[in-house]
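# Chains, contacts and geometry: an overview
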Amino acid sequence: MKAHYHLPGLFEFYDLYKAFLPIFRDHREYFYDWCDIGSIYGAPADCIWGGGRVGFGDETAPKVAVLMNEFNLSSRITFSNSLLTEEHLSDPKCNHLCILFEKNGNVPNGIIICSDILMDYIRKKYPGFYFVSSTTKVLRKFEEFEQELSREEFRCVVPDFRLNKKIDRLGTLPEGQKKKVEFLCNECCWFECYDRKKCYENVSAKSLGLDIEDHICVSPTAERGYRFSEAMKNPGFIGIDDIQNTYMPMGFTEFKIEGRSLGSAVILEMLLYYMTKPEYQLRVREEIYLDSMLDLF
């Protein structure tokens, strides 16, 4: 059994992964043998089907496709806009992405999705994809989460991070459903947030080009932005000890790392923490920093 990490920034951190993936392949001894890369996810900045984050992801799709092919990794396109209607389904850029990635490489590629309207469309027109139920649905009630897990169309379901530590309830899930649970490990959002769904809907509206005001975050520490060190203090945080000693023994193997809107230097620290043996972290960091093609700022 291995933990499969789903990493952020498919279009956002191309240069970082171009430097990191060869190290991961050629120096596997630097990294924990109990984990691997399940996928890399993201969406182009101007993708109207996109959700979760807006305005991030500048790399061209063909270059991304070639890189993922080279390392035989699954690409997951983040099409998690929750406000889509039938009129949005004909968008040429998003359809072109589907054409490009549906049969790219030797491993299946996926779609992270919120809208059933969009999922029905993609299933019919581009049947080569698998689907991941997005955390943007904000499934806070365990009963809702169980219902989502029972849907056969989803390979994985990402619950709201506040369900992460419901160990007693999680332990009662059938083995088949445990394999579908994909935990969001490092969320920094305020644990008591009551406005999370509205926040995601605001992002979806901006992706559609609607002229609306920015969502006002209700977190008492919102002005500080994301801090990995603060995420580690979050009651829903899942660290490497939790993965090895709690979740994997229970039969859970899928773990999502967030961070599409962050800098590549912060993402590197996450890759070091979650995947890299402590005695090799400096070596990996040095190799990445010394790659002149990588802009960390």
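Okay, so let's go over this structure. Each chain carries its own residue numbering, running from 1 in the written order of its sequence. Two thresholds apply to this predicted model, a pLDDT of at least 70 for residue-level local features and 80 or more for giving and counting side-chain atom pairs, whereas whole-chain, interface and lining totals are computed over all residues. The side-chain values count all of the structure's non-hydrogen atoms but skip hydrogen atoms and water molecules.

All right, on to the sheet that holds strand β8 (residues 254–256) then. Whether two strands pair comes down to DSSP finding at least two bridges between them. Helix and strand definitions here come from DSSP, where helices need a minimum of 4 consecutive H or I residues and strands a minimum of 2 consecutive E residues; each element is numbered from the N-terminal end. The sheet built from 8 strands is open, its strands ordered β6-β5-β4-β3-β2-β1-β8-β7 with parallel pairing. Looking at strand neighbours, the two that pair on one side only are β6 (154–157) and β7 (182–184), the edges of this open sheet. Strand-to-strand, the axes of this sheet are offset by a mean angle of 30°, without reference to chain direction. Bridging between strand β1 (residues 3–8) and strand β2 (residues 35–42) involves 6 bridges; their strand directions are parallel. Bridge assignment links Y5 to a residue of β2, and that residue is I37. It only takes one pair of heavy atoms within 4.5 Å for two residues to be counted as in contact. Angles here are taken between N-to-C directions and fall from 0 to 180 degrees, while the axes themselves are lines fitted to C-alpha atoms, restricted in helices to the stretch in contact. Each of β1, β7 and β8 is contacted by helix α10 (residues 240–250), which is oriented at about 140° to β1, the strand it contacts most.

Only Phe, Tyr and Trp rings take part, Trp by its six-membered ring, and two of them pair if their centres are within 6.5 Å. Stacked means planes under 30 degrees apart, edge-to-face means over 60, and tilted covers everything else. Scanning all chains against the criterion turns up 23 aromatic pairs. Ring geometry for Y30 and Y280: centres 4.7 Å apart, planes at 20°, overall stacked. Separated by 250 residues along the polypeptide, Y30 in the loop between α1 (14–26) and β2 and Y280 in the loop between α11 (264–275) and α12 (281–289) bring together distant segments of the chain. Ring geometry for Y121 versus Y126: centroids 6.5 Å apart, planes at 75°, classification edge-to-face.

Any Lys or Arg side-chain nitrogen found within 4 Å of a carboxyl oxygen on Asp or Glu counts as a salt bridge. On inspection of all chains with the given rule, the structure shows 14 salt bridges. Linking R76 and E182 is a salt bridge whose minimum nitrogen-to-oxygen distance equals 2.7 Å. One end of the pair, R76, is in strand β3 (residues 75–79); the other, E182, is in strand β7, with 106 residues separating them in the sequence. We note a salt bridge from R285 to E269, for which the minimum N-O separation is 3.1 Å. Here the residue R285 occupies a position in helix α12, and E269 occupies one in helix α11, the gap between them amounting to 16 residues. For R285, a relative accessible area of 18% translates into the label buried. Members of the salt-bridge network, linked through shared partners, are D116, K137, E148, R151 and E153. To sort residues, take the accessible area from a 1.4 Å probe on protein chains only and compare it with the maximum for the residue type: under 20% means buried, over 50% means exposed, and anything in between is partly exposed.

Moving on, we come to α12. When α12 is considered as a whole, its buried residues turn out to be V284, R285 and I288. Taken around the axis of α12, the buried residues stretch over an arc of 100°, which confines them to a single face. At its buried positions, α12 is contacted by α1 and α11. The reported arc concerns the directions from the helix axis to the C-beta atoms and nothing else.

Right, let's talk about α11 for a bit. What a helix should span is 1.5 Å times the count of its residues minus one. In a regular helix each residue adds 1.5 Å, so 12 residues correspond to 16 Å; α11 covers 16 Å between its end C-alpha atoms and thus fits that length. Within the span of α11, buried status applies to S264, I267, L268, M270, L271, L272, Y274 and M275. Of the surrounding secondary structure, the elements contacted by the buried residues of α11 are β1, α1, β2, α9 (228–231), α10 and α12.

This paragraph deals with the nonpolar core. Within the largest apolar cluster, 83 residues are counted, with the highest numbers of intra-cluster contacts made by Y5, F20, W49, F79, I122, Y274 and M275. Of the residues forming this core, the biggest block, 8 residues, is contributed by α1. Only buried residues count toward a nonpolar core. Its members are Ala, Val, Leu, Ile, Met, Phe, Trp, Tyr and Cys residues joined through side-chain atoms within 4.5 Å. With 7 residues, the next largest nonpolar core counts Y41, Y130, V132 and L184 among its residues.

For the rest of this paragraph, the subject is the pairing of β6. Here 3 bridges tie strand β5 (residues 130–133) to β6, and the two strands are oriented parallel to one another. Its bridge partner being in β6, V132 is matched across the sheet by C156. A crossover gets the label right-handed when its path from the first strand over the helix to the second runs clockwise, viewed with the strands pointing away from the viewer. Once you follow β5 into helix α5 (residues 142–149) and on to β6, the crossover reads as right-handed.

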